[in-house]
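# What the coordinates show
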Amino acid sequence: MLAEFTLEGDLYIIDPGKLEWGQRQPYEPRRGRPVAFLDIAAGGDETVLAICDGNEAWIEYAERQRDTVQSVRKCIATLKGLGIADCDLWVDAPGMGLAVISDFNESGWYPNEFFGNNPPEDRDRYINLSAECWNDAGLELMTGRVHIRSRRSDKTLFVQLTTRKKEYADDSRLRNEKKEKMKARNLSSPDRADALLGAIWASFRGVSGVWTGEGNRPIVGKSQHAVKHTGKFYPI
């Protein structure tokens, strides 16, 4: 049982026992409009590409790659092979991500930018978008509404999903434990969890938009995951 790797589940955003319960529930794969989330890193952390399609989500690849240009090119090649256009790709934008966005743009791709510190949709409950993403997408996994697709058990992913603590701001809204605190507890950066939960969040976010002619043409005429500041899609 993977739950043996985490204790005191009620302190964590994603309870290990509930996660295992949700993932054991029987289900029939249901296809939807696939979306991708890229968490890019350099140095010792992993660059991770995750996909969510209908009621299944998975890690497409996780690797340590110091050359971010190569990371961008691999991401584009992978998504082209899967039939996923840039309008359905989200990239974790803060820090290094902003330079990566520029690399995507130079290749004719205009992905959506995810800013974790932006205001959440539910401003009464969450302190920022990152907290909303982790909690809401985590609930999808714990209830079994979304299943993790994997050929073999991914202990690294399970530990990352179930060891980030929930915290409360001074106004009682939920926030995620900072990664610096996780590092102090000898935990690695939750790159796989960030990407997987980001893909699930993007999948059910459901913002509609129309293609303006810039970047790659969507698979269909509308993007379900569009943001104003890309300049390519405008919500309708």
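Summarised in this report is the structure supplied together with it. (Residues numbered from 1 in each chain as written. Predicted model: local features only at pLDDT ≥ 70, side-chain atom pairs only at ≥ 80, totals over all residues. Heavy atoms only, no water.)

It is the contact of helix H1 (residues 16–24) with helix H5 (residues 155–162), at a shortest axis distance of 9 Å, that shows an interaxial angle of 130 degrees. Between H1 and H5, the angle falls in the class oblique. Crossing hand, H1 versus H5: right-handed. Where H1 approaches H5, its residues Pro16, Leu19 and Glu20 are matched on the opposing element by Phe158, Leu161 and Thr162. (Axes fitted to C-alpha atoms, helices over the stretch in contact; angles between N-to-C directions. Helix = DSSP H or I, 4+ residues; strand = E, 2+ residues; numbered from the N terminus. Parallel < 35°, antiparallel > 145°, perpendicular 65-115°, else oblique. Left-handed = near helix turned anticlockwise from the far one by under 90°. Contact = heavy atoms within 4.5 Å.)

Helix packing geometry: the angle between the two helix axes and the distance between the axes. Axis separation between helix H4 (residues 129–142) and helix H7 (residues 191–205) bottoms out at 8 Å; the angle between their running directions is 85 degrees. On the basis of their axis angle, the class for H4 and H7 is roughly perpendicular. Contacts from Leu129, Cys133, Trp134, Asp136, Ala137, Gly138, Glu140 and Leu141 in H4 reach Ala193, Asp194, Leu196, Leu197, Gly198, Ile200, Trp201 and Phe204 in H7. In the contact of H4 with H7, the residues fall into 11 nonpolar, 2 polar and 3 charged. (Nonpolar A, V, L, I, M, F, W, Y, C, P; charged D, E, K, R; others polar.)

Turning to the pattern of salt bridges, a few remarks are in order. Enumeration according to the criterion identifies 15 salt bridges in this entry. Between Asp53 and Arg31 there is a salt bridge, with its nearest N and O atoms 3.0 Å apart. Taken together, the residues span a long stretch of sequence, with Asp53 in strand S2 (residues 47–53) and Arg31 in the loop between H1 and strand S1 (35–39) at a distance of 22 residues. For Asp53, a relative accessible area of 10% puts it in the buried group. The partner of Arg173 in a salt bridge is Asp171, with the nearest N and O atoms 2.8 Å apart. The structure contains a network of salt bridges with shared partners spanning Arg31, Asp53, Glu56 and Arg149. (Salt bridge = Lys/Arg side-chain N within 4 Å of Asp/Glu carboxyl O. Buried < 20%, exposed > 50% of the residue type's maximum accessible area, 1.4 Å probe, protein only.)

Another point: the nonpolar core. Counting residues in each nonpolar core, the largest one holds 29 residues, and the members touching the most others are Leu141, Leu161, Leu197 and Ile200. Going through the elements one at a time, S1, S2, H4, H5 and H7 are the ones with two or more residues in this core. Sorting elements by how many residues they give to this core places H7 first, with 8 residues. Those residues in contact with Leu141, other than ones at most four positions away along the chain, are Leu19, Gly22, Gln23, Val146, Ile148, Leu161, Leu196, Leu197 and Ile200. Judged by nonpolar contacts, the second largest core, of 18 residues, contains Leu38, Val72, Ile84 and Ile101. (Core = buried A, V, L, I, M, F, W, Y, C linked by side-chain atoms within 4.5 Å.)

Glancing now at the sheet that holds strand S5 (residues 112–114). Read from one edge of the open sheet, 6 strands run S5-S4-S1-S2-S3-S6, paired in mixed fashion. Two strands close off the open sheet at either side, each with one partner strand: S5 and strand S6 (147–148). Sheet analysis places strand S4 (residues 89–92) next to S5, joined by 3 bridges and oriented parallel. What sits directly across from Val91, in S5, is Glu113. (Pairing = 2+ DSSP bridges.)

A word on the pairing of S2. Looking along a regular strand, one sees side chains alternate from face to face of the sheet. Taking burial as the measure, the 7 residues of S2 include 7 buried ones, the bulk of the element. Of the two faces of S2, both are covered, the one formed by Thr47, Leu49, Ile51 and Asp53 as well as the one formed by Val48, Ala50 and Cys52. Relative to strand S3 (residues 56–63), S2 is paired through 7 bridges, and the arrangement is antiparallel. Looking at S3, one finds that Leu49 is bridged to Tyr61. In this structure, the hairpin formed by S2 and S3 is closed by a connection of 2 residues, where Gly54 is found at a positive phi of approximately 65 degrees.

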